[in-house]
2 protein chains.
Amino acid sequence: MTVKAYMFDVFGTCVDWRTGVANVARLWFEKKGLGLDPLTFADEWRFEYQPSMEKVRSGKRGFVPLEILHLENLRTVLERHSILDELSNEELLELNNAWEQLPAWRDVVPGLVTLKNHAIIAPCSNGSLSIMTRLAKFASLPWDVILGAQIAGQYKPHPNAYLNSVKALRLEPHEVMMVAAHNSDLEAAQSCGLKTAFIQRPTEYGANQTEDLQPTGHWNLEISSFGELSTLKH
Amino acid sequence: MTVKAYMFDVFGTCVDWRTGVANVARLWFEKKGLGLDPLTFADEWRFEYQPSMEKVRSGKRGFVPLEILHLENLRTVLERHSILDELSNEELLELNNAWEQLPAWRDVVPGLVTLKNHAIIAPCSNGSLSIMTRLAKFASLPWDVILGAQIAGQYKPHPNAYLNSVKALRLEPHEVMMVAAHNSDLEAAQSCGLKTAFIQRPTEYGANQTEDLQPTGHWNLEISSFGELSTLKH
């Protein structure tokens, strides 16, 4: 049973969003003379992520691409610290693009370059086509095609996010492997019939991370670098 | 005014569909002992292309990905020659994948590889995500993202095919250049506010081609190879 396509979670699994967002934010906070800690800010911004998508998943809100949710969440966090007025609308949009400027974990690019010779590789992220496109250029991620929330019209872990992405490739779920650093993502993918691979990213949430330090399900693979995907039998 | 993204027509502009389809068909016709000329067959199959998409563009039919139309058109052509029963359903699906096995014109890959360093490059084709993904792997087309009919939910030259593709990149139409060997494609893109580049592919329809041998509109660029896109001022 050959895997014909590998789909990847991106934020956390392929790229270090916390460091990346903090680096962009730090420049803005210094420029504006704001005392907010960039890493704390990154964590707070990310904390708004799931609740904002849940409105779409639950049907309370129609699908909108992630940059819309990111911008709303950015306003929420800055407002909470009473510094929303320090940035103009244009500056907010620029800061919002921090999610397109995230460094890849060091094993990712060499692993993907090799894997691309053997199978289709695609992000299955909640990031939009535009975020994923610009992030791929920034971090040199050599995707064959960008799948995920926007082409599926639904956010992970809703089953449609996985199933519509698989369908877009004209493949069956068992021909596709989902790769993620988050057990909840793999659980949802496995429920849809996809194969699963877990990779540990122990500092995604910083040095004091407590979640996803171990696989908590029966995944097809547990890998320590993307390079193993081309070499392990599965 | 810098072009931030280049979108490309694919069938005819990037790849030689006539030779490619005929090569795949030839193998099947020889295997089955069928006397149909492969190039004539390729022309006949392609001739059904526009009428089948017109049903979607006119609203008579909801959007379906191109492989569905290709398969219906394949059946029509084989039936006309009274040879539809010679191929099983599985074999028809394999022959239908001929559109994923088309050779790139020789200037295309080196031109795209260079251009990718300067801007976003994406197909804006009527081909589906799955056809474009597999064709890109077959012909080594290094797209950043796959746009076009399927993500737009409409076939070119309907304006939505261009405008929804541009919108997915979070760009304005004037920031995007459409590259095509077909004047009608550029006319539609220009009407939507995109920049345009014409490239002659004088043997797309074989040695006796009469259409699209010259630019018939006021396009921003007329190029003789994709390599010129990185070097010409526009």
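Our subject is the structure listed above.
Let me begin by describing the structure that accompanies this report. Position numbers for residues count from 1 along each chain, tracking the sequence in the order it is written. Think of it this way: whatever chain is written first is A, whatever ligand is written first is 1, and the rest follow in order. In keeping with the model being predicted, local features are shown solely for residues with a pLDDT of at least 70 and side-chain atom pairs are shown and tallied solely at 80 or more, while totals for entire chains, interfaces and linings include all residues. For the side-chain quantities, the full set of heavy atoms in the structure was used; hydrogens and water were omitted.

1. Observations concerning the overall build of chain A
- Secondary structure elements are taken from DSSP: a helix is a run of H or I of four residues or more, a strand is a run of E of two residues or more, and numbering for both begins at the N terminus. Secondary structure summary: chain A contains 10 helices and six strands in total.
- The principal-axis extents of the C-alpha atoms in chain A amount to approximately 55 × 35 × 30 Å.
- The cut-offs for exposure are 20% and 50% of the maximum accessible area for each residue type, with area from a 1.4 Å probe on protein chains only; residues under the lower value are buried, those over the upper are exposed, and the others partly exposed. Residue burial in chain A is summarised as follows: out of 234 residues, 56% are buried.
- We call two residues in contact when some of their heavy atoms are within 4.5 Å. Residue pairs in contact within chain A that sit at least 24 positions apart in sequence constitute 68% of those at least 6 positions apart.

2. Overview of the pairing of strand β5 (residues 195–199) of chain B
All names here are of chain B.
- Buried residues dominate β5, accounting for five of its five residues.
- Burial along β5 is two-sided: the residues Lys-195, Ala-197 and Ile-199 and Thr-196 and Phe-198 are all buried.
- Here a strand pair is declared whenever DSSP counts at least two bridges between the two strands. Pairing of strand β4 (residues 176–180) with β5, which is carried by four bridges, proceeds in the parallel orientation. In the strand pairing of β5, Ala-180 is matched with Phe-198.

3. Re the relation of the copies chain A and chain B
- A least-squares superposition brings the copies together, and it is based on the C-alpha atoms of residues with pLDDT no lower than 70 in both. In screw terms, the move from chain A to chain B is a rotation of 180° and a rise of 0.0 Å along the axis, fitting with an RMSD of 0.0 Å. Taken together, the turn and the small shift mark the pair as related by a two-fold rotation axis. In terms of C-alpha distance to the rotation axis, chain A has A:Val145 as its closest residue, with the C-alpha 2.8 Å off the axis.
- Of the residues that chain A buries at the interface, 95% are likewise interface residues in chain B, meaning the two copies contact each other through the same surface.

4. A word on helix α9 (residues 159–168) of chain B
Residues and elements named next belong to chain B.
- Taken together, the buried positions of α9 are occupied by Ala-161, Tyr-162, Ser-165, Val-166 and Ala-168. In a view along the axis of α9, the buried residues occupy a sector of 160°, so they form one face of it.
- Of the residues flanking the end of α9, it is Arg-170, one or two places downstream, whose phi is positive at about 55°. The arc refers to the directions leading from the helix axis to the C-beta atoms.

5. Observations regarding the sheet that holds strand β4 (residues 176–180) of chain A
- Taken together, the six strands give an open sheet; going across it, the order is β3-β2-β1-β4-β5-β6 (chain A), and neighbouring strands pair in parallel fashion. Either end of the sheet is taken by a strand with one partner, and the two such strands are β3 (147–148) and β6 (221–223) of chain A.

6. Some points on the side chain of B:Ser52
All names here are of chain B.
- Looking at where Ser-52 falls in the secondary structure, it is placed in helix α3 (residues 49–57).
- Overall, Ser-52 belongs to the buried group, its relative accessible area being 5%.
- A polar side-chain atom of Ser-52 sits 3.2 Å from a polar atom in the side chain of Asn-73.
- Not counting the four nearest positions on each side in its chain, Ser-52 is found in contact with Leu-69 and Asn-73. The definition of a polar contact used here is a pair of N or O atoms within 3.5 Å, where within protein one atom must be able to donate a hydrogen and the other to accept one, and adjacent residues in sequence count solely through side-chain atom pairs.

7. What to know about the pairing of β4(A)
Residue and element names in this part refer to chain A.
- By the criterion of burial, β4 is predominantly enclosed, with five of the five residues buried.
- A two-sided burial pattern is seen for β4, the buried positions comprising Val-176, Met-178 and Ala-180 on one face and Met-177 and Val-179 on the other.
- With four bridges joining them, strand β1 (residues 5–8) and β4 adopt parallel strand pairing. Bridged to Tyr-6 within β4 is Met-177.
- Viewed with both strands pointing away, a crossover whose connecting path from the first strand over the helix to the second turns clockwise is right-handed. For the segment spanning β4, helix α10 (residues 183–191) and strand β5 (residues 195–199), crossover handedness is right-handed.

8. Comments concerning the side chain of B:Glu44
Residues and elements named next belong to chain B.
- For Glu-44, the position within the fold is in helix α2 (residues 38–47).
- A residue is classified by how much of its surface remains accessible, and Glu-44, at 19% relative accessible area, is buried.
- At a separation of 3.2 Å, a polar atom in the side chain of Glu-44 contacts the side chain of Arg-80.
- Contacts of Glu-44, omitting those with residues within four sequence positions, involve Val-77, Arg-80 and His-81.

9. A few points about the environment of A:Ile68
Residue and element names in this part refer to chain A.
- Mapped onto the elements of the fold, Ile-68 is located in helix α4 (residues 66–80).
- Its relative accessible area of 35% is what places Ile-68 among the partly exposed residues.
- Separated by 130 residues in the primary sequence, Ile-68 and Phe-198 place their C-alpha atoms 29 Å from one another.

10. Considering the pattern of salt bridges
All names here are of chain B.
- Within this document, salt bridges are pairs made up of a side-chain nitrogen of Lys or Arg and a carboxyl oxygen of Asp or Glu, the two lying within 4 Å of each other. Counted under the stated rule, the structure contains 30 salt bridges over all chains.
- In this structure, the salt-bridge partner of Glu-48 is Arg-80, at a minimum N-O distance of 2.6 Å. Of this pair, Glu-48 sits in the loop between α2 and α3 while Arg-80 sits in helix α4 (residues 66–80), placing them 32 residues apart in sequence.
- Exposure remark for Glu-48: the relative accessible area of 17% places this residue in the buried category.
- Judged by relative accessible area, which is 46%, Arg-80 ranks as partly exposed.
- In this structure, Asp-185 and Lys-156 form a salt bridge, with 2.8 Å as the shortest nitrogen-oxygen distance. Taken together, the residues span a long stretch of sequence, with Asp-185 in helix α10 (residues 183–191) and Lys-156 in the loop between α8 (149–152) and α9 at a distance of 29 residues.

11. A word on helix α7 (residues 129–139) of chain B
Residues and elements named next belong to chain B.
- A large share of α7 lies buried, amounting to eight of its 11 residues.
- When we look at burial in α7, the residues that qualify are Leu-129, Ser-130, Ile-131, Met-132, Thr-133, Leu-135, Ala-136 and Ala-139.
- Trailing α7 by a residue or two, Ser-140 shows a phi angle of about 60°, which is positive.

12. Considerations on the sheet that holds β5(B)
All names here are of chain B.
- The six strands are arranged β3-β2-β1-β4-β5-β6 in an open sheet whose pairing can be described as parallel. Every other strand in the sheet has two partners, leaving β3 (147–148) and β6 (221–223) as the edge strands with one partner each.
- Of the pairings in the sheet, the one linking strand β2 (residues 120–125) to β3 comprises two bridges and is parallel in character. Its bridge partner lying in β3, Ser-125 is registered against Gly-148.

13. Quick word on the interface of chain A and chain B
- In this assembly, 22 residues from chain A lie in contact with 22 residues from chain B.
- In total, about 1,800 Å² of surface goes out of reach between chain A and chain B, with carbon and sulfur atoms giving 52% of it.
- Among the residues chain A hides against chain B, the three largest losses belong to A:Arg134, A:Lys137 and A:Arg170. Together they make up 34% of the total.
- On the surface where chain A and chain B come into contact, there are six salt bridges.
- Here B:Arg170 makes a salt bridge to A:Glu67, at a shortest N to O gap of 3.1 Å.
- Summed over the shared surface of chain A and chain B, the number is 18 residue pairs in polar contact (both at pLDDT 80 or more).
- Here the side of chain A that touches chain B takes six residues from helix α7 (residues 129–139) of chain A, the largest share from any one element.
- Any residue outside Ala, Val, Leu, Ile, Met, Phe, Trp, Tyr, Cys, Pro, Asp, Glu, Lys and Arg is labelled polar, Gly included; the first ten of those are nonpolar and the last four are charged. Taken together, the residues of the side of chain A that touches chain B sort by class into 11 nonpolar, four polar and seven charged. Accessible-area loss on putting two parts together, using a 1.4 Å probe and summing over both, is the definition of buried area adopted here.

These figures come from the coordinates and say nothing about function on their own.
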